[in-house]
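Residue-level structure breakdown
Below are the chains, spelled out letter by letter.
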Amino acid sequence: MSSPPGALEQELERLRAQNAQLQAELDAVRGVQAGAAPPVAAAAAAQEEPPAGAANGAACCRPVAAARDWDGLQHGLDKDQIARYSRQIILHSFGVQAQARLCRGSVLIVGAGGLGSPAALYLAAAGVGRVGIVDRDTVELSNIHRQVIHKEATVGMHKALSAAEACRALNSSIQVETHLEALTPANAVQLVRQYDVVVDASDNAPTRYLISDACCAAGRSLVSGAAIGTDGQLTVYCHGEDGPCYRCLFPEAPAAGNCARCVDAGVLGVVPGVIGTLQALEAVKLLSGVGDPLSRRLLVVDCAAGRFHSVKLRARSPNCVACGAAPSITTASLPSYDYAAFTGQAAANDAAPQPLQLIPREERITPAELQRRLASQPTAVLLDVRPAEQFNICHLPGAVHTPFKHFDRYVEAIQERLAAAAAGAAAAGQAAAPPAAEQQQQQDQQDQQNGSADGLQPQPPLYVVCRRGNDSQRAVARLRQLGISHAVDVVGGVEAWAREVDPSFPLY
Amino acid sequence: MELLFGNQKTVEADIPVSNGGQLTVAEAMAWARDNLLTERPELFMKGSSVRPGVLVLVNDTDWELCGELEAEVAEGDRVTFISTLHGG
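Residues numbered from 1 in each chain as written. Chains lettered and ligands numbered in written order. Predicted model: local features only at pLDDT ≥ 70, side-chain atom pairs only at ≥ 80, totals over all residues. Heavy atoms only, no water.

**Brief notes about the interface of chain A and chain B**
Listed as interface residues are 36 residues of chain A and, on the opposing side, 25 residues of chain B. Counting across the chain A and chain B interface gives 3 salt bridges. For the salt bridge of D302 of chain A with K9 of chain B, the shortest nitrogen-to-oxygen distance reads 2.7 Å. Linking chain A to chain B there are 15 residue pairs in polar contact (both at pLDDT 80 or more). (Contact = heavy atoms within 4.5 Å. Salt bridge = Lys/Arg side-chain N within 4 Å of Asp/Glu carboxyl O. Polar contact = N/O pair within 3.5 Å; in protein donor to acceptor, adjacent residues only side chain to side chain.)

**With respect to the sheet that holds strand β10 (residues 381–384) of chain A**
Spatial ordering of the open sheet is given by β9-β13-β12-β10-β11 (chain A), a layout of 5 strands whose pairing is parallel. Strands with a single pairing partner mark the edges of an open sheet, and in this sheet they are β9 (364–365) and β11 (400–401) of chain A. (Pairing = 2+ DSSP bridges. Helix = DSSP H or I, 4+ residues; strand = E, 2+ residues; numbered from the N terminus.)

**Looking at the nonpolar core**
All names here are of chain A. Within the largest apolar cluster, 48 residues are counted, with the highest numbers of intra-cluster contacts made by V107, I109, L123, I133, V199 and V223. It is helix α12 (residues 270–288) that provides the largest number of residues to this core, a total of 8 residues. Those residues within four positions of V199 in sequence are excluded, and the remaining contacts are V107, L108, I109, V110, A119, L123, L222, V223, Q279 and A283. (Core = buried A, V, L, I, M, F, W, Y, C linked by side-chain atoms within 4.5 Å. Buried < 20%, exposed > 50% of the residue type's maximum accessible area, 1.4 Å probe, protein only.)

**Concerning the environment of S117 of chain A**
Residue and element names in this part refer to chain A. Position of S117 among the secondary structure elements: in helix α6 (residues 116–126). Sequence spacing of S117 and H150 is 33 residues, and the spatial spacing of their C-alpha atoms is 7.8 Å. If near-sequence neighbours (up to four positions away) are discounted, S117 is found in contact with A112, R146, Q147, V148 and I149. Polar side-chain contacts of S117 include one of 2.7 Å to the backbone oxygen of G113. In terms of polar contacts, S117 uses its side chain to reach the backbone amide nitrogen of I149, at 3.4 Å.

**Side note on the side chain of R51 of chain B**
Residues and elements named next belong to chain B. Following the sequence through the fold, R51 ends up in the loop between β3 (49–50) and β4 (54–58). No salt bridge is formed by the buried R51. Its closest oppositely charged neighbour is E42, at 8.7 Å. At 2.6 Å, the side chain of R51 and the backbone oxygen of L43 are in polar contact. (Lys, Arg positive; Asp, Glu negative; His and termini not counted.)

**Details of the confidence of the model for chain A**
Residues with a pLDDT of 70 or more make up 82% of chain A, whose mean pLDDT is 86. Note that residues 443–455 of chain A has pLDDT below 50 and, in this model, 26 contacts with residues that lie over four places away or in other chains. (pLDDT = per-residue confidence, 0-100.)

**Structural notes on the pairing of β10 of chain A**
Regular strands place side chains that alternate from one sheet face to the opposite one. Residues and elements named next belong to chain A. Side-chain alternation along β10 places V381 and L383 on one buried face and L382 and D384 on a second face that is also buried. Pairing between β10 and strand β12 (residues 462–465): 4 bridges, direction parallel. Note on β12: the bridge partner recorded for D384 is V465. Bridge analysis of β10 against β11 gives 2 bridges, and the strand direction is parallel. Bridge pairing in β11 places L383 opposite V400. For the crossover from β10 across helix α15 (residues 388–393) to β11, the handedness is right-handed. (Right-handed = clockwise from strand over helix to strand, strands pointing away.)

**Observations regarding the pairing of strand β8 (residues 307–312) of chain A**
Looking at chain direction, strand β7 (residues 297–302) of chain A and β8 of chain A are connected through 6 bridges and run antiparallel. When the sheet's bridge partners are listed, R297 of chain A is paired in β8 of chain A with K312 of chain A.

**Remarks on empty space enclosed by the protein**
Enumeration over the complete set of coordinates arrives at 4 cavities of 30 Å³ or more. Space inside the second largest cavity adds up to approximately 130 Å³. Secondary structure elements with two or more residues in the lining of the second largest cavity: β5 (221–228), β6 (231–237) and α10 (246–249) of chain A together with β7 (79–83) of chain B. Of all the elements, β6 of chain A adds the most residues to the lining of the second largest cavity, at 4 residues. Class assignment of the residues belonging to the lining of the second largest cavity gives a composition of 10 nonpolar, 6 polar and 1 charged. (1 Å grid on protein atoms, 1.4 Å probe; cavity = no way out; pocket = protein on both sides within 12 Å on 5 of 7 lines; lining within 4 Å. Points joined across faces, edges and corners; volume = space filled by probe spheres on them. Nonpolar A, V, L, I, M, F, W, Y, C, P; charged D, E, K, R; others polar.)

Shown next, in the form of structure tokens:
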């Protein structure tokens with residue numbers, strides 16, 4: 001410093017006053033919040049007691065003439081912040097400087113779903129100065145049992161906006177930023193760079209690799225959580241000297257078929273709540289510098305058994321393509337990386353899978369056609385190949401439950417069922433003149449392949465339904481392989497039935 | 001993962017050791033596949049190792065720190081297989 005020794009204190013006072021003035025102006029513009037600029041000359045002032053004088057006013061939004069003369073440590077928190085966060089400020093293991101770091105810090109939360117809900121709420125409540133929320137979806141009623149940041153009133157609203165609204169309602173003194181587009185290779189690094197810590201609250205493998213790679217490229221610590229069913233996992237990636245990234249642990253992506261999703265596998269609402277809350281905790285630890293972050297450790301949570309279990313993880317791999325000694329995935333190359341190709345799946349989320357066309361169109365009928373045929377074909381057999389949990393919610397009257405997961409186990413039963421239906425039809429046919437329905441059935445089967453090669457009995461019509469019409473096609477194809485070649489698929493499954501035939505049929 | 005093993009989360013097993021040598025994780029894994037797995041082996045192993053997305057632990061430590069497939073398993077040791085989760 002060029003100042004003469006005697007002028008140092010005066011200079012310090014002047015800078016403090018200037019800082020307070022700027023702070024007040026900033027607060028007036030943006031509302032009450034933590035100062036983005038670090039306190040000036042904090043180190044030099046640390047031991048000095050401020051002169052007694054007029055205490056400044058209560059509301060920090062009001063411009064103050066002098067420095068906060070009570071803030072001897074230059075933590076920079078204002079009176080409102082001290083009141084609001086007092087319970088964690090007075091905590092011995094946390095304290096005012098940790099709170100100040102939190103208030104100056106920022107977190108990007110990717111996903112405003114089951115994990116992101118509690119994470120965002122707790123981080124906002126704890127006073128993280130700037131919270132960014134990324135999500136491209138809108139709130140659905142089936143989200144709310146676990147995505148507790150949203151409300152009935154925000155169904156249909158953008159999740160990021162709904163979540164931001166809830167965070168602001170909880171704490172109006174922080175900045176909440178929304179990003180309404182999905183995280184993409186094109187925007188990931190630039191977005192991640194704007195925040196100190198990233199919370200992965202996403203719900204699919206390609207996005208998880210993308211977030212991890214972006215954090216490696218941008219040099220940000222990543223709090224990663226996941227939950228499905230009654231299980232959860234939590235760890236911190238890309239942290240410190242030797243913390244691994246997601247790719248260090250899983251250099252090769254799992255096959256798409258091995259990735260259970262909440263929409264298919266189900267999830268107990270509290271489970272992502274537990275994990276998302278723990279993610280907020282890890283983010284608070286990282287920002288405040290308090291505690292041991294969960295780097296190189298994986299917390300495995302078995303909520304059904306009530307078991308929390310932490311296991312030791314490998315260090316960063318020097319050969320890792322994202323965070324190793326010579327990474328091939330960098331800020332420059334990441335935007336053109338094909339995550340869908342790497343993981344074999346698009347960054348789909350809670351949305352329904354794409355309707356597929358796996359078997360010839362002539363082997364499929366619409367729900368309306370199914371309704372007509374079931375009414376006219378008393379011997380028809382209807383197979384429902386959904387899992388038991390879904391079949392138990394609702395199924396069409398008379399449907400035979402043959403879950404696709406173990407479909408081959410049911411083939412014998414299906415054959416018996418067909419034989420019984422055929423025998424019943426034959427008996428009825430002998431007892432009376434051929435009923436009109438029988439003729440109708442013959443007509444209906446003209447456009448199908450009749451599987452009864454032996455020609456003894458016409459096979460009773462066989463229809464296969466599932467939730468949306470994908471597994472049912474696979475079941476029809478499997479039946480064909482097994483010699484039951486006249487099965488017909490119902491396009492769009494029970495969901496289409498609910499939409500097109502019976503509006504009282506539940507959707508789930 | 002337990003879905004592949006008849007919904008059992010933990011199994012205590014006496015794994016026979018071939019030619020009196022030391023049991024490795026590779027052998028324990030193959031034994032589990034042949035003796036404990038109830039369905040869809042492709043969801044457990046790929047080639048002679050675990051399929052991508054499965055973390056292997058020996059006594060709660062990442063097997064990468066103990067020698068991976070060649071990690072030695074002794075009487076009373078616990079080998080754990082964890083599928084990485086993606087849901088949220």
